[in-house]
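The primary structure of each chain is shown beneath.
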Amino acid sequence: MANIELGGGASPSDEETQLYADRVKVYPKEAHGRFRTIKWIVMAVTLGIYYLLPWVRWDRGPYLPDQAVLLDLPARRFYFFFLEIWPQEFYYVTGLLVLASLVLFLVTAVAGRVWCGYTCPQTVWTDLMVAVERFWQGDRNARLRLDKHPWAFETIWKKSATHLTWLAIAVATGGAWVFYFADAPTLAKQLLTFSAPAAAYFFIGLFTVSTYVLGGIAREQVCIYMCPWPRIQGAMFDSDSLLISYRDWRGEPRGAHKAGQSWEGRGDCIDCNQCVAVCPTGIDIRDGAQLECIQCALCIDACDAIMDKVGRPRGLIAYDTVRNLEAGAPNAEPLRLLRPRVLLYAGLIVLVGIIMIVALMMRPVLEVNVIHDRNPLYVKLSDGGVRNGYEVKILNKQYVPRAFKLGVTGLPDATVQLVGHDSGVVPVPPDQLKGVKLHVALDKEGVRALPDQATQFQFVVTDIATGETMEHNATFQGPPKSGAK
Amino acid sequence: MANKEEKSPEGFGTTGHEWDGIEEWNNPLPKWWLYVFYATVIWAIGYWIVYPAWPTVSSYTKGYLGYSQRAQVNKDIAAAKKQTAVFSDKINEGDFETIQADPELLSFALAGGQAAFGDNCAPCHGRGAQGFVGYPNLRDDAWIWAGSIDGIQQTILHGIRSDDPQTRMSMMPAFGELGMLNREQISDTAEYVMSLSGNEQDAEAAARGQEIYATSCAACHGPDGAGNQALGAPNLSDELWLYGGDKDTLVETITYSRAGMMPAFSERLDPATIKKLAIYVHSLGGGQ
């Protein structure tokens, strides 16, 4: 039995071993039922949001764009309804992403791959593409028949119509994407007159190709081979998560069933394969939980319809916990929702949510930054005084122009000279950052009076109109104290 | 045929590899994955044909497109120059007042000036224009020759004691070396010069030095030591010293003289760059 073969190579007895598998095309049948209805609604809502959101307007006054959701890359601003995020506030987006992943974890711990089954863009667009395919080519059996005659006229025109519709959807998807990055009505006009920026056409093309290829052609291959999420899921479920499961204790032994036959001594599964036929990833849920299952619940709809027909109770395939499956009865164990991991995720969501709300509410509309010239740190003047250079940056986060006065405290007898603003007033346009160069000088006596080589003082920025002030610490640097001439 | 026990959960058998009874499941990749790999191989071959790819003994394969990063950079630079030509032209034509009054033009000039300063001036005057011993600090308020923007431009154009015919030129005699003053006289003079900024160590010596100063130094440095920009004679009554204001350094200066040299840039830089430099240096805090 010592069949040692270092270096590999199939053994002669296994010459049929294939290292690469042909794709088995999946022909999902249309399902009808509760979950299919929910999925249609989710599709309508998510796609509706995606395609229409850029067209929603939001009045921000005369100086700012009125698009509700806008990623203004050239101006480096992100507008989201009442929110406006500057690049240095990107942590709000980080917070949002943290929140989103925590919600994902929570939902997964409670009810499995709800994200994958209902809301993942890959699922939604694939569902849409399959619906288009079904519209032109008919349901599962019709499609199987068409593929048997690939060169028949009927096949060719129906497939062409399908692919053209897919392409149209793909173009619309790419087209909607770019509207998030520019004023939608303006860009739409530019696109139609072929005067839009090249980047717009590029991204429309990119998303057209990716939507067409991933949603129309690759479909379940994306979930099975490309997506990391199915691999991560395993660590997020536990035996109390509600997962789409085949209740084998009720279904087995399975077998064909004729009307009028007794149900004694056999399972409820009549082996009709409807759960397999509707599955968008082409698996058999009766094999148990598996990586390929995106938990879209369509097999529940398919099975429930059959159970209704044969007069058995629904729920042979249902959302159930591993604990219940092992107990072999529905609701054998009370549903344990308040598990440590659920509580942990929920607690973290509340925590992050509170932090974000507090951060948002405390968001200042005026910020001041001071940058001390480093090279040189100070300049000696002819009268024996010392001058330091600073750049003061004022961020006006309000939507109106403001004017500011700049002064210093904590540095007696210092002279302040604003470079380029002889009036001593710095106007800052609405929603802008303005940097001003500033010289602060002390005369010989002033320098001598300083206790240390480096002295802390404060810049005071005052809004001339409102009187609002803001202080910012800075350091005044002089020559070394020891050994000074 | 592999029996049921020898099948993976996905329904495939083993690859046939076995090491000490440990077998390897065959979970085959989809074929299209393999085809994507082949496609990348074909892409690579296409890339070799189109772009520079392989080294040869003394050169490399140039590729059908003849793409070169260096040429690309030159193209980009040319394009950028073309883009900024509007500003460069305005800087060439406009006088300093016009440039300084136009915020856009001014910021262009300052940015260009800063870059040119780093390339041409920083080796002597320092990255921050803070100067070194013998190389003036351009940020302070003392100027040996001129602190006006036109004066700074003049200095950059023609240099100081350079071989340019219009260079700024002056020569302080080496009083000690030439035997014009003896050591005591030099020492007294140094004391007097120190007293001009209130730093004398020996009031008597300073008093003796005053007379020597009046005859030997005042012609250029002025009777009160305020200096004379027309002659490039530094102000001796302020707190700033190019070489040092201590006694030893002053004695050395009077004995051997000083003649710092700055090259003329009129041949090296175009007029617009020199203008930008003048604007930049003038903006550093000391401009008059």
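Quick caveat: nothing in here was measured; it's all calculated off a predicted structure. (Residues numbered from 1 in each chain as written. Chains lettered and ligands numbered in written order. Predicted model: local features only at pLDDT ≥ 70, side-chain atom pairs only at ≥ 80, totals over all residues. Heavy atoms only, no water.)

**Concerning the overall build of chain A**
The helix and strand tally for chain A stands at 16 helices and 15 strands. Relative to a compact globule of 485 residues, whose C-alpha radius of gyration would be 23 Å, chain A shows 33 Å and is clearly more extended. C-alpha atoms of chain A, sized along the principal axes, occupy 110 × 55 × 55 Å. Looking at the 485 residues of chain A, the share that counts as buried comes to 43%. The contacts of chain A with a sequence gap of at least 6 include a subset with a gap of at least 24, amounting to 67%. About 25200 Å² of surface is accessible on chain A, with carbon and sulfur atoms providing 65% of the total. The centroid of the 48 positive side-chain charges in chain A is displaced by 3 Å from the centroid of its 47 negative side-chain charges. (Helix = DSSP H or I, 4+ residues; strand = E, 2+ residues; numbered from the N terminus. Rg over C-alpha atoms; globule rule 2.2 N^0.38 Å. Buried < 20%, exposed > 50% of the residue type's maximum accessible area, 1.4 Å probe, protein only. Contact = heavy atoms within 4.5 Å. Areas by Shrake-Rupley, 256 points an atom, 1.4 Å probe, with all protein chains shown as cover. Lys, Arg positive; Asp, Glu negative; His and termini not counted. Charge placed at Lys NZ, Arg CZ, Asp CG, Glu CD.)

**Observations regarding the overall build of chain B**
Scanning chain B from terminus to terminus reveals 11 helices and 3 strands. Order of helices (α) and strands (β) in chain B, N terminus to C terminus: β-β-β-α-α-α-α-α-α-α-α-α-α-α. Against the compact-globule benchmark of 19 Å for 288 residues, chain B has a radius of gyration of 36 Å, which places it well outside the compact range. The principal-axis extent of the C-alpha atoms belonging to chain B is close to 120 × 55 × 45 Å.

**Looking at the side chain of Arg247(A)**
Here Arg247(A) shows up in the loop between strand 5 (243-246) and helix 11 (248-251). Since its relative accessible area comes to 11%, Arg247(A) is described here as buried.

**With respect to the packing of aromatic side chains**
Within the structure shown, the criterion is met by 31 aromatic pairs over all chains. Summarising the aromatic geometry, the rings of Tyr192(B) and Tyr213(B) are spaced 5.1 Å apart at their centres and angled 55 degrees between planes, so their arrangement reads as tilted. Here Tyr192(B), found in helix 7 (residues 183-195), pairs with Tyr213(B), found in helix 8 (residues 203-216); they are 21 residues apart in sequence, far enough to count as distant. Neither residue differs from the other here; Tyr192(B) and Tyr213(B) are each classed as buried. Of the aromatic side chains, those joined through ring pairs into one cluster are Tyr50(A), Tyr51(A), Trp125(A) and Tyr180(A). The ring of Trp86(A) has Arg77(A) lying over it, and the distance from NZ or CZ to the ring centre is 3.6 Å. (Phe/Tyr/Trp six-rings, centres within 6.5 Å; stacked < 30°, edge-to-face > 60°. Lys NZ or Arg CZ within 6 Å of the ring centre and 35° of its normal.)

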